[in-house]
Each structure stands twice: as structure tokens, then as C-alpha cells.
Amino acid sequence: MADTFPYKSKDGKLIDFDVSRSSCERYGFFAGSRVMTPRGAGTVIGVYQNNLWFHIEGDEGASYWDNGKDYESLVFKLSVQLIDEEPIGPAENRYRVKRITYLQREVSIILQNENGPCPLISIANVLLLSQKISLDPDIQFVTIKKLGDLIMKHAKSLYKDNQDVLDILEDYNKNVLPSLEKGLIVNIYFDSIQGFEKTEPCQIFDYLNIKLVHGWIVDPNQKEVKQLIGHLNYNDLVPKIVTFDQSFPNAKPELQQKINDFANSNQLTDYGLSLIQENLKEDELCVFFRNNHFATMTKHDGYLHILVSDVGYERENNIIWDRIMSKEGESIFLSGDFRSRKDELIIEVVNTLKLFGFKDNEVDEAKSYIQTIDKMDVDLVDEATKYLQSINNNNNNNNNNNNNNNNNNNNNNNNNNNNNNNNNNNNNNNNNNNNNNNNNNNNNNNNNNNNNNNNNNNNNNNNNNNNNNNNNNNNNIN
């Protein structure tokens, strides 16, 4: 067991810490223990230069307290308290724990160290994601032993009324589980996505009701290939390829090439991938085997996703799932809620624009616009605000144009009205003049007529008078 552990200090310096129990004992806390400190939760790293160092959550590395030289000062002066009763131990026996959001739930996953025991970690992650086992949210490291204990406790809870299976599981706990810490050798059958030789270690998946799947399946459209090797397993196929002419004496030369291509297909075919996609239920979790590596897999929105459990992505909160687009390796990194980095950024932009006071319809327009931007090295908030400003400027210009048009229309209307008024006035004047002339003419005519009538009447009267006089004269004569 190693007594030193290299770890980075808060100022970035790499230090070899003494993690032995004898060195940590005087402080009452051991390397890997979870503790609550005056500055929040942290992890005991080890001893260096007569100080016990801690990595406090949120810090870049380890640090220590000058006045924490022993157990009494740490506990009674600084009030350091133990959170996790189980000391973690040296680096080779512990694995990093990462908190993620999965289907809108906060859960823990185990991260994979280089050459770590991926079968056990992939099993643990299936159970953690499905919340069948759990870890304290404050735990940053976990031992393989603790993982094994959690897994076996869950397995035994499934068969609490079946003593025969419980006896088998007890044997697994003692003999099989420790072997999984170093990996698991499997033998694949090429006719089923769950085609694995049922060795004793491999049966742990069955006892836990976890599907173990692979995609190294012969395509039925390649009828001759399927007829020759579709029923074989990997251990049968390898020697037959080496002695191909003897193993398949009637096979055509081009058939040998097809079988070699299948054997060298990186343990995955398009047909096998499609079978996994068809057979997994939505959001069902399983363990996927490929290239001697075990990974946690799920199906979401119809796509297959691999859990990104590499410790190198520990601080990448938006990289949780790797969506498989093809067997050639094309993929997309997604968050715990299966959103791409761009989707996450768009959500941030929308929330920021709302804080800036933009209206909902403006936010929707900006969202539609930034969805068309393919570059990821631009500030999407800046792009969205510029876009909205340009829209507002265009709207202002349009309003100005409309105002000018309205003014022009008003001027034209006023001119037309003035012209109409002038015309009306002229018409009225003409009409008045005509009327006056007509009236004058009428009056003159009337006067003339009256005069004529008067004259006529006078003449008539005179004539009548003359006649009467004449008559009178005649009468007198007689």
C-alpha cells in the first residue's frame, strides 16, 4: 500500500503527501476522509511539513490551517467534524465521484481512472443513475470495496426470500467481486446483442437484472457470412480465421475478405447498433461492451448514449453523455439532461435577455436567430442583443418613413382641399354673378314688361275714353 499520494496544492504546486495512518493518526483524521471545516465541506488529503492538508470544495487544490497542528486544535478550535466514517485510502483503491443532473434529478456517478475496473464501475453507475444505490452527496471519492458492498447489498435485497441465490451471492462477494476489480474477460456470440458466454463472473449482470449488450452482430443481408460464422462465438472464430482454407474449404476468396472485415470491425456493426437501438426501451439503462471495455449506456429520444465517465471530464458539467451517431465514432457530447452545449448556451441567452428586460416576442425572435449560428466561439448573448438592436433600428426607420408618408399625404390632402375650396369659391362667385345677372335681366325684363303693360293699358284706356266721348257726342246730336 502506497504511503505517498501526489496532489496539487491551492497555489498549483504538486506535492507528495504522506497518507499513511501513522502520520495522520495524531490529527484524528485520515487521508480521504470527508470532513466539515470552518470553510465548508472538504476532503483530507494527507500530511505535509507537519500540517494536515484539506481540499475544500470550490478551491483549486489543497490547503491547511496554521493553528491546526493536532487533533485537539482541529476539533475544539476549528470545529472540524467527520462526515464520512470510512477513510478512503490510497489513490489506487479510490475513484472520483461526480454529481450530475440526470432526468432532472441530482445523482452521483463514478469516474473511470486509467486502467480502472470498468465492469464494476459501469454496474455501479447503472444502479446509481436508477437510484437503486446512492452515495452521500458530499462524498468526492469512493473505494472499490465500498462500491462492492453497495452493489452486493442491493443484489441481496432482490433475493431476500431465496436462500439458494443468497448463498451464491455470498460466494460472489468473497470470490467473484474482487476479480471484477481487475476487469472481466467475456466471450461474445455473434447472433444476439445479449450473446455472452455465461461464465460465473459474467452472471453477476443477470443477478442484478442489468442487461449486458454488445453490437458485434453479423448482418443477415450478408447471407453467406451469416451461414458460416453467425452461430459462432469469438473464441471459435479466431482459430478458424487463422486456418481459413481448412476451416472453410468451399468458401470463395471474396468471402474470406468479408469475414476478415467483420472480425476487424472494432467489435461493432451498423446492424448490431440498430438492434440495440430497437431492443432498448426509452431511458432504459444497460452496460455496453465494446473493444474490451464496459460502459454505461441508455436510450433517450430514440438515440443511444454512452455515459462519459472518464476522469478527464470531471469538471465538465455539460459533458455527461456521448450520443452515438454511427459506428465510425461520430458522436455529440450532451449534458445530464441530454442537451447539447449549444442548447445549454441558448437557455442561458434566453434567461439573460429576460433579465435585460426584453419582451417575450423579442426573446423568441433572438432565440430563433442564434439557433442558426454554427460557430461556438462567439458570444451568443452579444449576438442576440445586436440582432434585437438591428430589428429595433429597422422598425424606427420604418416608423420615420411612415411619418414622412403621412405628412406628405396630409400636405397633398390640404392642397387638394385648398384647391377644391378655391374651385368652389370660384364656382360660387360665378354662380352668384350669373344669378345676379340673371336677376338683373329678369328685373329689367319685368320692368319693361310692366312698362309695356302700363303703356298698353293707358293706350287702351285712352282709346276707350275717346270712344265714349265720341258716342256721347253722337247721342247729343240725335
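As the structure is a computational prediction, the values presented were derived from the model and not from experiment.

Q: Explain the overall build of the protein chain to me, using residue names and the numbers behind them.
A: Summing up its helical and strand segments, the protein chain has 14 helices and 15 strands in all. In the protein chain, which comprises 478 residues, the share counted as buried stands at 38%. Considering only residue pairs separated by 6 or more positions, the protein chain has 54% of its internal contacts joining residues 24 or more positions apart. Split by element, the accessible area of the protein chain, about 27,500 Å² in all, is 39% carbon and sulfur.

Q: Outline the nonpolar core, supporting the account with residue identities and numerical values.
A: Core analysis: the largest hydrophobic core is formed by 67 residues, its most contacted members being I110, L129, F205, I229, F294 and W321. Tallying contributions element by element places helix α3 (residues 118-129) first for this core, with 9 residues. Not counting residues within four places of it along the chain, the set of residues in contact with I110 comprises Y95, R96, V97, I121, A124, N125, L128, L135, V142, L147 and S309.

Q: Tell me what's going on with a nonpolar patch on the surface, and back it up with residues and numbers.
A: A grouping of Y234, V238 and V242 is seen on the molecular surface, where their side chains present a nonpolar patch of about 270 Å² in accessible area. Within the secondary structure, Y234 sits in helix α8 (residues 234-242). When its relative accessible area of 34% is taken as the criterion, Y234 is described as partly exposed.

Q: Quick rundown of the sheet that holds strand β8 (residues 105-110)? Include the residues and the values.
A: One open sheet holds the 3 strands; their spatial order is β8-β7-β9, and the pairing between them is antiparallel. Whereas interior strands pair on both sides, the edge strands pair on one side only; in this sheet they are β8 and β9 (141-143). Here the average twist between neighbouring strands, direction ignored, is 40 degrees. Here strand β7 (residues 94-102) runs beside β9; their pairing, made up of 3 bridges, is antiparallel. By the bridge assignment for β9, R94 is matched with T143. Against the sheet, α3 contacts β7 and β8, and its axis sits at roughly 170 degrees relative to β8. Packed on one face of the sheet, helix α4 (residues 144-158) meets β7, β8 and β9 and runs near 70 degrees to β9.

Q: Account for the side chain of S9, with residues named and values stated.
A: Topologically, S9 is positioned in the loop between β1 (4-8) and β2 (14-18). There is a polar contact of 2.3 Å between the side chain of S9 and the side chain of D11. What S9 contacts, discounting residues up to four positions off in sequence, is I15, W53, E60, G61 and A62.

Rules used in this analysis
Residues numbered from 1 in each chain as written. Predicted model: local features only at pLDDT ≥ 70, side-chain atom pairs only at ≥ 80, totals over all residues. Heavy atoms only, no water. Helix = DSSP H or I, 4+ residues; strand = E, 2+ residues; numbered from the N terminus. Buried < 20%, exposed > 50% of the residue type's maximum accessible area, 1.4 Å probe, protein only. Contact = heavy atoms within 4.5 Å. Areas by Shrake-Rupley, 256 points an atom, 1.4 Å probe, with all protein chains shown as cover. Core = buried A, V, L, I, M, F, W, Y, C linked by side-chain atoms within 4.5 Å. Patch = residues over 30% accessible without salt bridge, like charges linked within 9 Å, V, L, I, M, F, W, Y side chains within 5 Å. Salt bridge = Lys/Arg side-chain N within 4 Å of Asp/Glu carboxyl O. Pairing = 2+ DSSP bridges. Axes fitted to C-alpha atoms, helices over the stretch in contact; angles between N-to-C directions. Polar contact = N/O pair within 3.5 Å; in protein donor to acceptor, adjacent residues only side chain to side chain.

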